[in-house]
Amino acid sequence: MPSRELGGRSQGPLWARGPGPAAGGGVIVNITHSVPGSPSKTIRFLNVAFDSSGDSLLAGDHQGNIYVFDLKGNRFNLVQRTMQACTALAFNLRRKTEFLVALADYSIKCFDTETKELVSWMRGHDSSVSSISVNGSGRYAITTSTDTAQLWDLDTFQRKRKLNVRHSVGIQKVFFLPLSNTILSCFKDNSVFAWEFDTLHCKYQLPTPVEGSALLYKSFAVTRDGRIFVAGGKSNHLHLWCLESKQLIKIIQMPTKVRAVRHLEFLPDSFDGGSNQVLGVLSQDNIMRFINIETCKLLFAIGTHEEGISTAAISPSGRYIASVMENGSVNLYSVQALTQEANKPPPPQFKVVEDWPKCKSEANKLTMKVTSGRSERPWKPKGNKIQTRLLKVQANTSLENKENELPGGLNKKRLQALLKGYGEYPAKYRMFVWRSLLQLPENHLAFSSLIDKGTHSAFVNIQNEYPIKSRKLLRVLQRTLSALAHWSAIFGETPYIPLLAFPFVKLFQNNQLICFEVVATVVVNFCQHWFEYFPNPPVNVLSMMENILAHHDNELLQHFTKYNVTSQVYAWPLLETLFSEVLTREEWLKVFDNIFSNHPSYFLMLVVAYIVCSRAPLLHCNQRQDFEYFFHHRNNLDINVVIKEAYHFMEATPPDIHPQRVLDDFIPLTKGQYPVFNKYPKFIVDYQTQEWERIRQDEIEYLRERQLMHELEAKAQEQKAEDEAWYRKQELLREAEEQRRKMLLEEEKKLAEQRQKLAAVKRELKVKELQFLDASRRRFLKYQQDQRQMELKRLDDEIARKASMREQETAATVQDVEVRRMELESQRQLFEQHLIKDQESSTQGMKEEIDANRRKADLEDHIVQRLMETDREEKQKAQMLKKI
């Protein structure tokens, strides 16, 4: 087993291809991410995801490094460093180079693997995102955490809807069903709801399992055709639900070693038509076991107790299994090596059909145990040599055999031989055979771009013309017709396109892409030259059929001519409805098994054969209405005889009138983009489109004017009602006014009497008021006199108080002067004492100081005199104040 370490590299070769699938245990390569400088330390991988082609693998580790592994180019590349662990990955977006990664900070980021730039950053979760589900077109994604699920538009990266639940319930997983517009939500209380994507209306809820079989669902898986839903949890039981019947159809018991299921995923297969039979079950012992859900056989297992598996992802093509191991490395397995089988479906394929009653009886047993052993797929032989022959075309292979090779390893000649032997393809493989015969390209992006253009204006009100009970069927028909009209303008103007497309819509309503491509392939190949005389029926094709009828049954043609019944009556109804009005479902499927397996001219031969085989009742018809009724209703006719007769006409018709001379060979739709379809008179279609648009605008204008007229009429009625109400109100007001006038006259009389009484009362009050004013005036004069006496007394008291204060101030001043004189006297005595002391202590030579002391004494005397003069002046001032 090759093993490669990433180390510190950002890109480089992934591994050297040696034995490849022959390596032990089916492991192609083991990938580890070692720390630079410390080879013994590794960085653990957490999640892996494949792109839509299955040739590129995305892996994220717990340090936030995101690697892309190119499985074809044998290289890897570091495309982003997010610096935080990733919790979920998605690599199947509409733009192939972009991917989504959910991070530990609860955010989701979108990066581009080529530019390595951040495309968008989406926030909104409050807990870790556990899963990311992207719908088939790659335009929308659902991110799920324990408390909420959020729907995102990956064109604008805006959140469209948010599903919140109570914490007591919790969300397990919310995801898109494959090939449909249905969202499945699984909650922790085991409830499972299905929602319509467009309206988010609840379509249905799965019922509670039968008593004794309930288990706590933890992991889920759905087949590619969206019909079987598997749930597992803390038990070794798996519940298989049929989403069409909403019933629990089987309970699978895993081996006793399995106590809990951690992850479920179906293994895709190119030959099962989406009804996957092999289921991978990852259990608590870290071993992933692959079982056949029909036979309940254990096919193979990956992982061991020593090298356990943490999580796993399977490529859409079913070629590879990528598993994140418990030690943090990534193992890439080859499914071919694990199964030891090739991919070529050998004959006989009808062995399964013959054993169907036995398989059906086994399916009716609800609970089945998984037993170990080898289960061979009935359509795959063992051995690697067959695979070598399948992959390599022999040098001497003829050109005819090359042309007859179909996708999926089928051969057109062998299918035709098989069809002639059994009359039809087995129902279980019919869709797969049809897809191989028509070589459908499955252009998801091109189809999504057509769907994104919305409902075509020609089919907005299709329910009025075709009232279909099933709303789902009506929506699928409307979308398919709108996609056809957006692909080519002629289909928006052709009145019989709904009749032509409806049988395929009803058959492929769960896979709109396949439905559209089948209808488009039928139009391109089996409706050649139909639109050259638009808007008239294809008279050129009808003329060819008339020539064929003339050659093989001229009597019947003459009968038609006699009663003026043209090919537009006996052939065109069968063509435009594709036999859907005259055949049962089983007969119609058998007819188209043969049409798709032959040249496009066989379709015209089949119409002529139907007419010729119905010659007996037709020769008895002599009214035009009888002929029209015959070709629009079911008739008692053996369809096997019609098919054989058509083969006879293919061989017996002369080359000059054979449709094969005019009609081209089968050409499949191109991959990537659908081919341009312009085989119609463009000017007529454009003119008719313009006329329809003009009529639509006129109708809109008419509706607008009618609405305006209704509004004006309503306003007039409203105005009339308002006028009548106003007149009634005015009449009531007039009556009220008259009544009030009478009341006023009575009140005026009463008021005059009251006024007379009031005048008398006023006179009395006036007299009393004058008496009261006189008493008040005398009382006020007395009050003023008392106030003046009190003011005079107050002034006298104030004069006496001021005189007393003045005397007190004079006495205080005299005392201050006396105190000052005494202070000066004490100071003088003190100075004298100091002088005596100084004289006693001084010696001779101090005469200058004595003179100074004398001068000082004179100064003090002068000061004393000044003080005395001041005292004298103050006394004089005091005497003057007393005189005043």
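Because the structure is predicted, anything quoted here is derived from the model rather than measured.

## Some words on the nonpolar core
Counting residues in hydrophobic clusters, the biggest one holds 107 residues, and the most contacted among them are Phe579 and Ile611. With near-sequence residues (within four places) excluded, Ile611 lies in contact with Leu549, Leu556, Phe560, Tyr570, Ala571, Leu574, Leu618 and Phe631. Core analysis: the second largest hydrophobic core is formed by 19 residues, Val29, Phe45, Tyr320 and Val330 among them.

## Regarding the sheet that holds strand β15 (residues 140-144)
Strand order across the open sheet formed by four strands is β14-β15-β16-β17, with antiparallel pairing between neighbours. Each edge of the open sheet is held by one strand with a lone partner, namely β14 (131-134) and β17 (158-164). Across the sheet, the mean angle separating the axes of adjacent strands is 20° when strand polarity is ignored. Inspection of the sheet shows β15 paired to strand β16 (residues 148-153) by five bridges, in the antiparallel sense. Paired with Thr143 across the two strands is Gln150, which belongs to β16.

## So, the packing of aromatic side chains
For the coordinates displayed, the defined rule picks out 44 aromatic pairs. On the basis of an interplanar angle of 40° and a centroid distance of 6.1 Å, the ring pair of Phe69 and Phe76 is categorised as tilted. Assessed through its relative accessible area of 3%, Phe76 is described here as buried. Ring centres of Phe579 and Tyr610 lie 6.0 Å apart, and the angle between their planes is 65°; this geometry places the pair in the edge-to-face category.

## Overview of helix α22 (residues 639-652)
An α-helical turn contains 3.6 residues, so a residue and the one three or four places further along point in the same direction. An ideal rise of 1.5 Å per residue puts 20 Å on 14 residues; α22 measures up with 20 Å between its terminal C-alpha atoms. Taken residue by residue, α22 has Ile639, Val642, Ile643, Ala646, Tyr647, Phe649 and Met650 as its buried positions. Summarising the axial view, the buried residues of α22 lie within an arc of 160°, below the 170-degree limit, and thus occupy one face. Those residues of α22 that are exposed and aimed more than 90 degrees away from the buried face are Lys644 and Glu651. Next to the buried residues of α22 lie α6 (412-422), α14 (539-552), α18 (585-596) and α19 (601-613). In this structure Asp638 caps α22, since a side-chain oxygen of it lies 3.1 Å from the backbone nitrogen of Asn640.

How each quantity is defined
- Residues numbered from 1 in each chain as written.
- Predicted model: local features only at pLDDT ≥ 70, side-chain atom pairs only at ≥ 80, totals over all residues.
- Heavy atoms only, no water.
- Core = buried A, V, L, I, M, F, W, Y, C linked by side-chain atoms within 4.5 Å.
- Buried < 20%, exposed > 50% of the residue type's maximum accessible area, 1.4 Å probe, protein only.
- Contact = heavy atoms within 4.5 Å.
- Pairing = 2+ DSSP bridges.
- Helix = DSSP H or I, 4+ residues; strand = E, 2+ residues; numbered from the N terminus.
- Axes fitted to C-alpha atoms, helices over the stretch in contact; angles between N-to-C directions.
- Phe/Tyr/Trp six-rings, centres within 6.5 Å; stacked < 30°, edge-to-face > 60°.
- Expected span 1.5 Å × (residues − 1).
- Arc of directions from axis to C-beta.
- Polar contact = N/O pair within 3.5 Å; in protein donor to acceptor, adjacent residues only side chain to side chain.

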